[in-house]
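Summary of structural features
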Amino acid sequence: MNILLVGSGGREHALAWKIAQSPLLTRMVAAPGSPGIALICETRPLKVTDVDGLVALAREIAADLVVIGPEAALEVGLADALTEAGIACFGPTKAAAEIETSKAFSKTFLARHDLPTAAFGVCETAETAAAFLDTQSAPYVIKADGLAAGKGVVIALTRAEADEAVADMLGGRFGAAGARVVIEEFMDGEECSFFALCDGETAVPFGYAQDHKRAFDGDIGPNTGGMGTYSPALVLTQALAKQAFDECVLPAVKGLAAEGRPFKGVLFAGLMLTEDGPRLVEFNARFGDPETQVLMLRLADDIVPWLKACADGTLAAMPRPTWRDESAICVVMAANGYPDSPVSGAIIRGADVKRPDAVVFHAGTARDPDGTLRSAGGRVLNVCALGATLQEARDRAYAAVATIDFPGGFYRSDIGWRAL
Ligand code: AMP
Ligand code: GLY
């Protein structure tokens, strides 16, 4: 099979690494890819939002499947354009992806289908926001409506902070994404990322992981796109996983189909495991980053038939996915200043060394013509390892981190602490 992989992050590097192991693969091209992905397959410098360019590239390489990584490509309708061109693709249509790309759509959808989630209000003015805040108590949860790369959420401990966050967002801090704000009831519990593959009708649980969203050790500092993950996440017992699938994921897949937005691809449920059971923090319309990194390490199956089955609508005929018994961990090395103002251009040494018991995915790097690797983004490297136990995986990952010379970056030293 010829596969076009769209994206450039650590998630896409992990997907490329796993897809490259498939005996079904003839040729893989990534657009735009990254210096890390370029070590695995051909890359083409196209933007993930260049719909016409990507459709043309898929035609040029006679792609049997296009795998869409990032939500930005879904939001501009890449899946729709590929489908229209008769090209099989893994990833939902623009309309189905609104489950992620519009928090206002997502929250009203959850309410329409009576799915367990926080009470909320969608506000376009400071006055309506203040009125809704009056109905809540601290801590307050305030979100920009549109895509803000995981950074458009403020958990305010005081009303003054809440008012300030609302003013900040409506005042244009996130551009158009903040034209509306969503204010939510605060849910208390442990978070877990749950994945399900979907082909429009059928959904299959496809692994789960726990992410560390805060920037610094001890879960303090600003919210980020994710500073590290591990899988399996033992907080999600088999019983809770079944409950989450039955009560949160399946009704959503059915609801989207019933509303004329059948979902094909991977539905990512961000769960809060509360005293009353799993409740939805949000849905995403794509694989998690850096959750995918640990899932790809643990997946025992060839990933390609799974991705193709989602595109072809044949998931019901697939067996259950199989996972390695080992634990996997991913430590994110981020650029100094992340998430607010990451500093790019710092030299990195020792990232691409072949390691027997760890793998390093590139999340935001650039390579100079002379081969020097530099940071080029907020999250820069994802250092991942498997182990018989989580402790062993963690020791291996941090041993690998210690061999990487990246003075312009930082990482959390406590990934996996909740489970250890
Ligand atoms: P989101 O971008 O919606 O996933 O939110 C980012 C993070 O903010 C989540 O991973 C949670 O840690 C936190 N969060 C969001 N919504 C809530 C909520 N209603 N209650 C508690 N924490 C929340
Ligand atoms: N790690 C969280 C996300 O991918 O949104």
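Just so we're clear, the structure is a prediction, and the values are computed from it rather than from any experiment.

Taken together, 16 residues are adjacent to ligand 1, and Lys143, Glu185, Met187, Glu191 and Glu282 come closest. In the model, a nitrogen atom of ligand 1 is placed 2.8 Å from a nitrogen or oxygen of the Glu185 main chain. In the environment of ligand 1, a nitrogen atom lies 2.8 Å from a nitrogen or oxygen atom belonging to the backbone of Met187. When isolated, ligand 1 has an accessible area of 470 Å², and the protein chains bury 93% of it. Contributing elements (two or more residues each) for the shell around ligand 1: strand 7 (140-144), strand 8 (153-156) and strand 16 (277-284). Within the shell around ligand 1, the residues separate by chemical class into eight nonpolar, one polar and seven charged.

A few words now on the packing of helix 5 (residues 94-101) against helix 6 (residues 103-112). For the pair helix 5 and helix 6, the least separation of the axes is 6 Å and the interaxial angle reads 90°. Judged by the angle between their axes, helix 5 and helix 6 are roughly perpendicular. Between helix 5 and helix 6, the contacting residues are Glu98, Ile99, Glu100 and Thr101 on the first element and Lys103, Phe105, Ser106 and Phe109 on the second. A breakdown of the residues in the contact of helix 5 with helix 6 according to their chemical character gives three nonpolar, two polar and three charged.

Position of Glu100 among the secondary structure elements: in helix 5. Residue classification places Glu100 among the buried positions, given a relative accessible area of 8%.

Attention shifts here to the environment of Ala95. Of note, Ala95 is situated in helix 5. Residue Ala95 is classed as partly exposed on the basis of its relative accessible area of 31%. As a C-alpha pair, Ala95 and Glu84 span eleven residues in sequence and 14 Å in three-dimensional space.

The final tally for this structure, using the stated rule, is 23 salt bridges. The partner of Lys308 in a salt bridge is Asp312, and the shortest N-O contact between them spans 2.7 Å. Taken as a pair, Lys308 and Asp312 lie in helix 11 (residues 303-312) at a separation of four residues, close to a single helical turn. With a relative accessible area of 40%, Asp312 lands in the partly exposed category. As a salt-bridge pair, Arg374 and Asp368 come within 2.7 Å of each other at their nearest N and O atoms.

By size, the foremost hydrophobic cluster in this structure holds 51 residues, and its most contacted members are Leu4, Val66, Ile68, Leu82, Leu267 and Leu271. Sort the elements by how many residues they give to this core and helix 9 (residues 238-258) lands first, with eight residues. Those residues in contact with Leu82 that lie beyond four places of it in its chain are Val55, Ala58, Val66, Ile68, Ile87 and Cys89. Membership of the second largest hydrophobic core comes to 41 residues, among which are Met28, Leu295, Met296 and Trp306.

Here the focus is the environment of Leu236. The topology assignment puts Leu236 in the loop between strand 14 (228-231) and helix 9. Judged by relative accessible area, Leu236 falls into the buried class, the value being 2%. For the pair formed by Leu236 and Leu271, sequence separation is 35 residues and the distance between their alpha carbons is 9.8 Å.

To continue, consider the sheet that holds strand 4 (residues 65-68). Strand order in the open sheet formed by five strands is 3-2-1-4-5, with parallel pairing between adjacent strands. The open sheet has two edge strands with one neighbour each: strand 3 (42-43) and strand 5 (89-90). Sheet analysis places strand 1 (residues 2-7) next to strand 2 (residues 27-32), joined by six bridges and oriented parallel. Residue pairing in the sheet places Asn2 in a bridge with Arg27 of strand 2. Here helix 2 (residues 51-60) sits on the sheet and contacts strand 1, strand 2 and strand 4; the angle it forms with strand 1, its principal contact strand, is near 160°.

The rules we used
Residues numbered from 1 in each chain as written. Chains lettered and ligands numbered in written order. Predicted model: local features only at pLDDT ≥ 70, side-chain atom pairs only at ≥ 80, totals over all residues. Heavy atoms only, no water. Near = heavy atom within 4 Å. Polar contact = N/O pair within 3.5 Å; in protein donor to acceptor, adjacent residues only side chain to side chain. Areas by Shrake-Rupley, 256 points an atom, 1.4 Å probe, with all protein chains shown as cover. Helix = DSSP H or I, 4+ residues; strand = E, 2+ residues; numbered from the N terminus. Nonpolar A, V, L, I, M, F, W, Y, C, P; charged D, E, K, R; others polar. Axes fitted to C-alpha atoms, helices over the stretch in contact; angles between N-to-C directions. Parallel < 35°, antiparallel > 145°, perpendicular 65-115°, else oblique. Contact = heavy atoms within 4.5 Å. Buried < 20%, exposed > 50% of the residue type's maximum accessible area, 1.4 Å probe, protein only. Salt bridge = Lys/Arg side-chain N within 4 Å of Asp/Glu carboxyl O. Core = buried A, V, L, I, M, F, W, Y, C linked by side-chain atoms within 4.5 Å. Pairing = 2+ DSSP bridges.

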